[in-house]
Amino acid sequence: MITLEKVSHEWGDFTLKNVTLSVNEGEYFVILGPTAAGKTLILETIAGFYIPREGDIFLNEKNITQIPPEKRNIGFVYQDYSLFPHMTVEENIAFGLKMRKIPKREVETRVQNVMDSMHISQLKERFPSTLSGGEQQRVALARALVIDPDILLLDEPLSALDPRTQESLREELKRIHTVRGTTTIHVTHDQDEALTLADRIAVIMNGKVVQVDAPYKVFNEPVNEEIASFVGVENVIEGKIISRENGVALVEMRNYKIRALSNLTEGEVNVFVRPENIILSKVKLESSARNSINGTITNVTQYGATFRIYMDNGLSSLVTKQAIEELGLKIGETVYASFKATATHLIRR
Amino acid sequence: MSIRKALRNVKRQPLSLIFSFVGSLLILFILLTLFNMIFRQLAFESQGFIEACADPSVISSILLTLYTSFLATLIAMIIGTPLAYVLARHDFPGKSVVESIIDVPVIIPHTVAGIALYTFFMRRSAVGMAFSNLGIIFEDSMWGIVVAMLFVSTPFYVNAAREGFQSINPRLERVARTLGASQWKAFYRITLPLAVRHLFSGAVMAWARGISEFGAVIMIAFYPMIIPTLIFYEFTTHGLKGSQPIAVLMILVCFFVFIVLRASARYWGRRK
């Protein structure tokens, strides 16, 4: 377990203001926030690169604020991988064990094991400059994991990768966490990443922690406007897949069912529908490829040039001023919210 | 690329054509000047060149020059590497002042530097006296040559080393620390090996700069004569006939040494 207590620090343009956080043993904890919010600074402070101006850091109840990074047993993975360019993949991974003066035999087996589990054994003689981004990131992860860290710190680990590699590494991170159960703190600005991976999310803005909650709560009940506009581009609703046919999953929601195009076959999911993909109408739109859910309008807010209509079925839609007038949309009215199965995105919870 | 293709490319890029032409004048200027001297000596006055090669005073002067400059470079490396690292990694008040001070030897005339060195290190000065108690005397001695060379070549080493350290992402050291390396080990195992090519080329530049120093050296140590001093002496007493063969010999020695150093630097750097 790691705890930050009232940590304040300034570094160049980045600041942390009175940050208090507690991450439980074995938890996958995501720090979510816009660029330059101070997210990386939190990780670097936990790792011990900076001694905070104020406040304390505890690792398993021990105050580690003044302990140098090499004595903390923390694994760190940077966005740019930061592999040692003058060492082979194998030497990179073995580095931490060599620093710990582990016997050569044991180093070899441990390095081999972690390479096997990350599927990078075939790369062991290669130098980092010859590897793809995804391969480099696997090596960086292996290098951090081989020392059996008490905590794994990941600084935007997927953001430099192309979407397909991102997805496969996301699955990999999830698998590693399930298998090893290492307490993980993962910093990102990407909401999908946060939702897929996090047990809990801390939202940080301008160096302050503004909300710490389960993913579902952060996205559905943001505590202030700022978070709402940062995370609020999507509708996120919890559901459960009850059947699947021809690539279309039937998902049971609160009190209705929807269809979604998905590879998932079962389990608890978060359902994503972008508000701009939801059409409102007074009558039900019948179509097999379309979901049409009725609901009562609970709120109407202006959102830039458009209006956002919130309904009691958990969905919200973006509409123009003209549509509001034509349909007579106001609080208390009943409408049908329609969206295509192809515009519905499922992420396993 | 075929020549025709290259020409076609050039036609489409008149600026590159003109710039390349103008630029090549500078290269020709350097090459022709040196080649002219070497060629004249070897083709028309080979006897004088052979005599110079066989002259023990010339040989010992060449060795002295290479050796004193090597010592000056070694001192610059031992003191300059930590300085370069600090300048590359840390910001502190007055940093730009420190950086300007390092460049001072490049800016001031070298005879001026020589006089300053002489008054600082002569036996009558406090520093000179302290050193003479240790048995180190600067006036007309090898150590005088070394300090003069050190003074003028320091900026070349420190600036190259600083650029080298700056080119290495500090995150590499940080990651090494999380993996259990102390600050010393992270420097020694990560940063130093990655910077070694920069350090090496900085050292070669500093060494070359030391070898060519004349103005600062003669003020503090006319004797023992290093090659630039010997050439000057021969030129004023025997004219071209006496000085040119030594100059040609020195140039050939320098070429040889630098080619060897370059090749070895490339060999070391291969792994990256």
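Residues numbered from 1 in each chain as written. Chains lettered and ligands numbered in written order. Predicted model: local features only at pLDDT ≥ 70, side-chain atom pairs only at ≥ 80, totals over all residues. Heavy atoms only, no water.

1. Topic: the overall build of chain A
Within chain A, the regular secondary structure consists of nine helices and 20 strands. Expressed along its principal axes, the backbone C-alpha trace of chain A runs to roughly 75 × 50 × 35 Å. Of the contacts made within chain A by residues no fewer than 6 positions apart, 66% connect residues no fewer than 24 positions apart. When the accessible surface of chain A is totalled, it reaches about 15,800 Å², and 48% of it is carbon and sulfur. Taking the average location of the 40 positive side-chain charges in chain A and that of its 46 negative ones, the two points are 2 Å from each other. (Helix = DSSP H or I, 4+ residues; strand = E, 2+ residues; numbered from the N terminus. Contact = heavy atoms within 4.5 Å. Areas by Shrake-Rupley, 256 points an atom, 1.4 Å probe, with all protein chains shown as cover. Lys, Arg positive; Asp, Glu negative; His and termini not counted. Charge placed at Lys NZ, Arg CZ, Asp CG, Glu CD.)

2. Section: empty space enclosed by the protein
All names here are of chain A. If you walk through the whole model with that rule in mind, you get one cavity of 30 Å³ or more. As for the largest cavity, its lining consists of Tyr28, Leu152, Leu154, Leu173, Ile176, His177, Thr182 and Thr184. Broken down by secondary-structure element, the contributors of at least two residues to the lining of the largest cavity are strand E7 (151-155) and helix H5 (163-180). Of the residues contributing to the lining of the largest cavity, the split by class is five nonpolar, three polar and no charged. (1 Å grid on protein atoms, 1.4 Å probe; cavity = no way out; pocket = protein on both sides within 12 Å on 5 of 7 lines; lining within 4 Å. Points joined across faces, edges and corners; volume = space filled by probe spheres on them. Nonpolar A, V, L, I, M, F, W, Y, C, P; charged D, E, K, R; others polar.)

3. Some points on the sheet that holds strand E2 (residues 14-23) of chain A
Spatial strand order, E2-E1-E4-E5 (chain A): four strands in an open sheet with antiparallel pairing. Each end of this open sheet is capped by a strand with a single partner; those strands are E2 and strand E5 (62-63) of chain A. (Pairing = 2+ DSSP bridges.)

4. Some thoughts on the interface of chain B and chain A
Contacts between the two partners involve 19 residues from chain B, matched on the other side by 27 residues from chain A. Between chain B and chain A lies a buried interface of about 2,200 Å² when both sides are counted; carbon and sulfur atoms form 62% of it. If you look at where chain B meets chain A, you find three salt bridges. The salt bridge involving Glu44(A) is made with Arg174(B); its shortest N-O contact spans 2.8 Å. Our enumeration of links across chain B and chain A arrives at five residue pairs in polar contact (both at pLDDT 80 or more). Among the secondary structure elements, those contributing two or more residues to the side of chain B that touches chain A are helix H9 (170-178) and helix H10 (183-212) of chain B. (Buried area = accessible area lost by both parts, 1.4 Å probe. Salt bridge = Lys/Arg side-chain N within 4 Å of Asp/Glu carboxyl O. Polar contact = N/O pair within 3.5 Å; in protein donor to acceptor, adjacent residues only side chain to side chain.)

5. With respect to the domain arrangement of chain A
Residues and elements named next belong to chain A. Looking at chain A, the domain boundaries give domain 1 (2-231) and domain 2 (235-348). A separation of 35 Å is found between the C-alpha centroids of domain 1 and domain 2. Across the contact, eight residues belong to domain 1 and 10 residues belong to domain 2. Of the roughly 750 Å² buried where domain 1 meets domain 2, counting both sides, 53% is carbon and sulfur surface. At the boundary of domain 1 and domain 2, one finds zero salt bridges. (Domains from an automatic or database assignment.)

6. Digging into the side chain of Ser61(B)
Residues and elements named next belong to chain B. For Ser61, the location among the structural elements is in helix H4 (residues 56-89). For Ser61, the side chain forms a polar contact with the main-chain nitrogen of Ile227, separated by 3.3 Å. Setting aside anything within four residues of it in sequence, one finds Ser61 in contact with Met225, Ile226, Ile227 and Leu230.

7. Considering the layout of surface pockets
By volume, the largest pocket amounts to about 620 Å³. Considering the residues around the largest pocket, the lining is formed by 21 residues, among which Phe49(A), Tyr50(A), Arg89(B), His90(B) and Arg174(B) are closest to the centre. For the lining of the largest pocket, the residue count by class is 10 nonpolar, five polar and six charged.

8. Focus: the sheet that holds strand E10 (residues 208-213) of chain A
Backbone-to-backbone hydrogen bonds join strands into a sheet, with any given pair of strands oriented parallel or antiparallel. Residues and elements named next belong to chain A. Spatially, E6-E7-E8-E3-E9-E10 is the arrangement adopted by the six strands of the open sheet, whose pairing is mixed. The strands lining the two open edges of the sheet, one partner per strand, are strand E6 (74-77) and E10. The average angle at which neighbouring strand axes cross in this sheet is 20 degrees, direction not considered. Note that strand E9 (residues 200-205) and E10 share five bridges and pair antiparallel. (Axes fitted to C-alpha atoms, helices over the stretch in contact; angles between N-to-C directions.)

9. Some remarks on the confidence of the model for chain B
Averaged over every residue, the pLDDT of chain B is 91; residues scoring 70 or more account for 98%. Here helix H1 (residues 3-12) of chain B stands out as the element of chain B with the lowest mean pLDDT, 74, in contrast to helix H8 (residues 142-166) of chain B, whose mean of 96 is the highest. (pLDDT = per-residue confidence, 0-100.)

10. Describing the nonpolar core
Counting 123 residues, the largest nonpolar core has Ile93(A) and Ile185(A) as its most contacted members. Sorting elements by how many residues they give to this core places H8(B) first, with 11 residues. Two domains each provide a minimum of three residues to this core, namely domain 1 (2-231) and domain 2 (235-348) of chain A. Residues in contact with Ile93(A), not counting those within four places in the same chain, are Val111(A), Val114(A), Met115(A), Ile120(A), Val139(A), Ala142(A), Arg143(A) and Val146(A). Counting 28 residues, the second-largest nonpolar core is a separate cluster that includes Ile293(A), Leu315(A), Val319(A) and Phe339(A). (Core = buried A, V, L, I, M, F, W, Y, C linked by side-chain atoms within 4.5 Å. Buried < 20%, exposed > 50% of the residue type's maximum accessible area, 1.4 Å probe, protein only.)

11. A word on unusual backbone geometry
Following Tyr223(B), the chain continues to Pro224(B) via a peptide bond in cis, the omega torsion being -15 degrees. Considering the arrangement of structural elements, one finds Pro224(B) in the loop between helix H11 (215-220) and helix H12 (227-269).

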